[in-house]
Amino acid sequence: MAVRQHRDALSAARRSSPLTIWLSRHASNCLGALGRIARQPFASFLTILVIAVTLALPASMHLVIKNARSVSGGWDSALDFSLYLKPGVTRTQAERLADIIEQRADVETVTLIPADEALAEFKAQSGFGAALDHLAENPLPHTLVVRPGSAMTGLSVTLLNEELANLPETDFVQVDTEWVQRFLVILDMLQRAITIGSLLLGAAIIVIIGNTIRLDIQNRREEIEVTKLIGASNAFVRRPFLYSGLWYGLGGGTLALILVGYGVYMLDAPAGRLAGLYNSAYRLLSLDLRESLAIIGTGVLLGLVGSWLAVARHLRRIEPR
Amino acid sequence: MIQVENVVKRFPGGQEALRGLSLIVDKGEMVFVTGHSGAGKSTLLKLIALIDRPTSGQVLVDGQNTRRIPRRRIPAYRRQIGMVFQDHKLLNDRPVFDNVALPLVIAGVGRREAARKVRAALDQVDLLRKEKQPPETLSSGEQQRVGIARAIVSRPKLLIADEPTGNLDPDLSLEVMRIFRRFNEVGVTVLIASHDIALIDQLGCRRIRLENGVVQQDDEDEEDFVADYAENLRPDGRPDPWP
């Protein structure tokens, strides 16, 4: 009798839509994984901390490079050529020469600094104003400031330098580029080293998360066996572990952002003082939104990959006997 | 429902658990498989549940040849069968309700429908009041009833049980068997492996005795038993066949 009622009740039951079921199943897996992590706060925190530090290392190195680039960006003028013309060259001749040089493909701009303007500036800035008034004539030549095009390599800079020096009006050319170029090359090299290091650290995160998930699988061996016994598919058994990996990655990425942010905060004041000594208002650059999202995204991705590998390797072996 | 044809199961060590076993269980039957431990009872149930595969011969369940079911389809196949185990195989980290709901969660049944089915199943085994308790706090007999509720919650056509009363005292054993009988009465085919001859004698169901991996005796061959059995199965509200 009771069994009959049971059946009637079942046939009357309304079915939920497959999408609702799918969503609620994922939601419960997702929250369940979070719950398991929260139930072992200390162990979970250590795992997340290791991931965070591993993510924060390349992130902070990237910030160092980014700031160095930003500071050296103001040094573009150091790449300029100063072309001192011979004393006999008139202002009209200098202007014509400036027009000619400016038409070259490898030159971006040419600025003429006439001799009298240069003298006026020198008077104003050097503090020798009164003494200079006694000079019978202006000892300074006209000067052309030549800024090369942005796509210049070391070789083309040398060539341009030679050609400018060989002009009949040129007295001499002054370039002060070498150390800037060396600096930029060093930054490039560091950037590459960081990329390689990041790959290694990414692999380390995969291993860390994979190992955590492996332990998790071992601890829940009985549960996995029972659920498989009553008809759970591999996907069903896999899903909670993938969500655990996702949470570890998300937690690690977020904590990495906090660590880097705190580091920038700690360095901001000293960096400001240092910039002040150089009469600069430079402020340390922090991670922008895109970079922050990239760090969190990397954490999540590595978390998923790590747990996927662990699950693929260890879950198949747990079969009911 | 179950058709076992000339099945041999040889283990890697070389010993043979089944040596050419054949038997047929019809839809709606309730059958006991008996025999000493090592006679092949558990192996037979494992082959039916596709926990293991035969070395040769074939097992057909509800028209499906288990040999043709690939590994990835095993979960879907198992979901059609209710299984009860000697050690219950309940999960102690969650309450009775969640344990019984597990097959429905796996099958992706909606929450409200699942709750209704779980309560109905718990009502069947008379444990509705204990749905919030963890299985550990229940007596052994109650735990086994939870195991049965979990096995029948998705209303399988076939119920198999491996020594379901192995850990229970005689009174509780009889009670558990009564529950199996109730499900059998509404059309579920039931196959139970047990060595508790005294208990089985009280029930009067068909009995298949295994010895050394072959059928040694099958009650179906005895006519008077068949008559008896048919009597017991009459769905007309006759009193329980048990005292």
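Just above, that's the structure.
Residues numbered from 1 in each chain as written. Chains lettered and ligands numbered in written order. Predicted model: local features only at pLDDT ≥ 70, side-chain atom pairs only at ≥ 80, totals over all residues. Heavy atoms only, no water.

**Student:** I keep staring at the overall build of chain B and nothing clicks. Help me out?
**Tutor:** Helices and strands together make up the secondary structure of chain B, namely 8 helices and 10 strands. Taking all 243 residues of chain B together, the buried fraction comes to 53%. In chain B, once contacts between residues fewer than 6 apart in sequence are set aside, the share between residues at least 24 apart is 69%. A total of about 10900 Å² of accessible surface is found on chain B, and carbon and sulfur atoms cover 46% of it. (Helix = DSSP H or I, 4+ residues; strand = E, 2+ residues; numbered from the N terminus. Buried < 20%, exposed > 50% of the residue type's maximum accessible area, 1.4 Å probe, protein only. Contact = heavy atoms within 4.5 Å. Areas by Shrake-Rupley, 256 points an atom, 1.4 Å probe, with all protein chains shown as cover.)

**Student:** How should I be thinking about the nonpolar core in this particular structure?
**Tutor:** Note on soluble globular proteins: their nonpolar side chains tend to be buried together. Judged by nonpolar contacts, the single largest core of 41 residues is most densely connected at B:Phe32, B:Val100, B:Val118, B:Leu122, B:Ile148, B:Phe180 and B:Ile192. The set of elements that each furnish at least two residues to this core consists of β3 (30-34), α3 (96-107), α4 (111-124), α5 (140-152), β7 (158-162), α6 (170-185), β8 (189-193) and α7 (197-203) of chain B. In terms of residue count, the dominant contributor to this core is α6(B) (6 residues). For B:Phe180, the residues in contact, after removing those within four places along its chain, are B:Met30, B:Val84, B:Ile148, B:Leu159, B:Ala161, B:Pro164, B:Val190 and B:Ile192. Judged by nonpolar contacts, the second largest core, of 35 residues, contains A:Ile209, A:Phe241, A:Leu257 and B:Leu91. (Core = buried A, V, L, I, M, F, W, Y, C linked by side-chain atoms within 4.5 Å.)

**Student:** Looking at this model, I keep getting lost on the side chain of A:Glu223. Mind explaining?
**Tutor:** Secondary-structure assignment places A:Glu223 in helix α9 (residues 221-229). Not counting the four nearest positions on each side in its chain, A:Glu223 is found in contact with B:Leu91, B:Asp93 and B:Arg94.

**Student:** What should I look at first to understand α3(B) in this one?
**Tutor:** Since the α-helix packs 3.6 residues into each turn, any two residues three or four apart lie on the same face. α3(B) sits mainly inside the fold: 9 of its 12 residues count as buried. Within α3(B), the full set of buried residues consists of B:Val96, B:Phe97, B:Asn99, B:Val100, B:Ala101, B:Leu102, B:Pro103, B:Leu104 and B:Ile106. Contacts from the buried residues of α3(B) go to α2 (18-39), α9 and α10 (234-277) of chain A together with α4 and α5 of chain B. Two residues or fewer after α3(B) comes B:Gly108, characterised by a positive phi angle close to 75°.

**Student:** How do you make sense of the pattern of salt bridges when you look at a structure like this?
**Tutor:** All names here are of chain B. The full count for this structure, using the stated rule, is 25 salt bridges over all chains. Put simply, glutamate 131 and arginine 119 hold a salt bridge, and the shortest N to O gap is 2.8 Å. Here glutamate 131, found in the loop between α4 and α5, pairs with arginine 119, found in helix α4; they are 12 residues apart in sequence, far enough to count as distant. On the basis of relative accessibility, which here comes to 10%, the residue glutamate 131 falls in the buried class. (Salt bridge = Lys/Arg side-chain N within 4 Å of Asp/Glu carboxyl O.)

**Student:** Just checking my understanding: could you explain the packing of aromatic side chains for this structure?
**Tutor:** Aromatic ring pairs are defined here through the distance separating the ring centres and the angle between the ring planes. Within the structure shown, the criterion is met by 2 aromatic pairs over all chains. Lying over the aromatic face of B:Phe85, B:Lys89 brings its terminal NZ or CZ to 5.8 Å of the ring centre. (Phe/Tyr/Trp six-rings, centres within 6.5 Å; stacked < 30°, edge-to-face > 60°. Lys NZ or Arg CZ within 6 Å of the ring centre and 35° of its normal.)

**Student:** What am I meant to see in the sheet that holds strand β3 (residues 143-148) of chain A here?
**Tutor:** Adjacent strands of a sheet form backbone hydrogen bonds with each other and so pair up, either parallel or antiparallel. Residues and elements named next belong to chain A. Pairing is antiparallel in the open sheet, where 4 strands are placed in the order β2-β3-β1-β4. Looking at strand neighbours, the two that pair on one side only are β2 (107-113) and β4 (170-175), the edges of this open sheet. In this sheet, neighbouring strand axes are inclined to one another by 20° on average, regardless of whether the strands run parallel or antiparallel. In this sheet, β3 lies alongside β2 in antiparallel orientation, the contact comprising 6 bridges. Across the sheet, the residue bridging to threonine 111 is valine 145, located in β3. With respect to the sheet, helix α4 (residues 91-102) is in contact with β1 (81-85), β2 and β3, its orientation differing from that of β2 by roughly 170°. (Pairing = 2+ DSSP bridges. Axes fitted to C-alpha atoms, helices over the stretch in contact; angles between N-to-C directions.)

**Student:** Sorry if this is basic, but what is going on with the packing of α9(A) against α10(A) here?
**Tutor:** Residue and element names in this part refer to chain A. Where α9 contacts α10, the axes come no closer than 9 Å and their chain directions differ by 150°. Comparing their axes, α10 and α9 come out roughly antiparallel. In terms of crossing hand, the pair formed by α9 and α10 is right-handed. Across the interface between the two elements, Ile224, Thr227 and Lys228 of α9 pack against Asn234, Val237 and Phe241 of α10. Among the residues making up the contact of α9 with α10, the classes are represented as 3 nonpolar, 2 polar and 1 charged. (Parallel < 35°, antiparallel > 145°, perpendicular 65-115°, else oblique. Left-handed = near helix turned anticlockwise from the far one by under 90°. Nonpolar A, V, L, I, M, F, W, Y, C, P; charged D, E, K, R; others polar.)

**Student:** What is the right way to look at a nonpolar patch on the surface in this model?
**Tutor:** Residue and element names in this part refer to chain A. A contiguous nonpolar patch, built from Leu301, Val305, Trp308 and Leu309 and spanning about 380 Å² of accessible area, is present on the exposed surface. With respect to the helices, strands and loops of the structure, tryptophan 308 is situated in helix α11 (residues 289-314). Tryptophan 308 sits in the partly exposed class, given a relative accessible area of 42%. (Patch = residues over 30% accessible without salt bridge, like charges linked within 9 Å, V, L, I, M, F, W, Y side chains within 5 Å.)

**Student:** Is there a simple way to think about the sheet that holds strand β1 (residues 2-10) of chain B in this case?
**Tutor:** Residue and element names in this part refer to chain B. Taken in spatial order, the 4 strands of this open sheet run β2-β1-β4-β5, and their pairing is antiparallel. Across the chains shown, the open sheet's two edge strands, defined by having one partner strand only, are β2 (16-25) and β5 (64-65). With 5 bridges connecting them, β1 and strand β4 (residues 56-61) associate as antiparallel partners. Looking at β4, one finds that glutamate 5 is bridged to glutamine 58. Strands in contact with helix α1 (residues 41-48) are β1, β2 and β4; relative to β2, the strand with the most contacts, it is inclined by about 65°.

**Student:** Got a minute to help me understand the environment of B:Ser140 in this structure?
**Tutor:** Here B:Ser140 lies in helix α5. Spatially, the C-alpha atoms of B:Ser140 and B:His88 are 8.9 Å apart, while their sequence positions differ by 52 residues.

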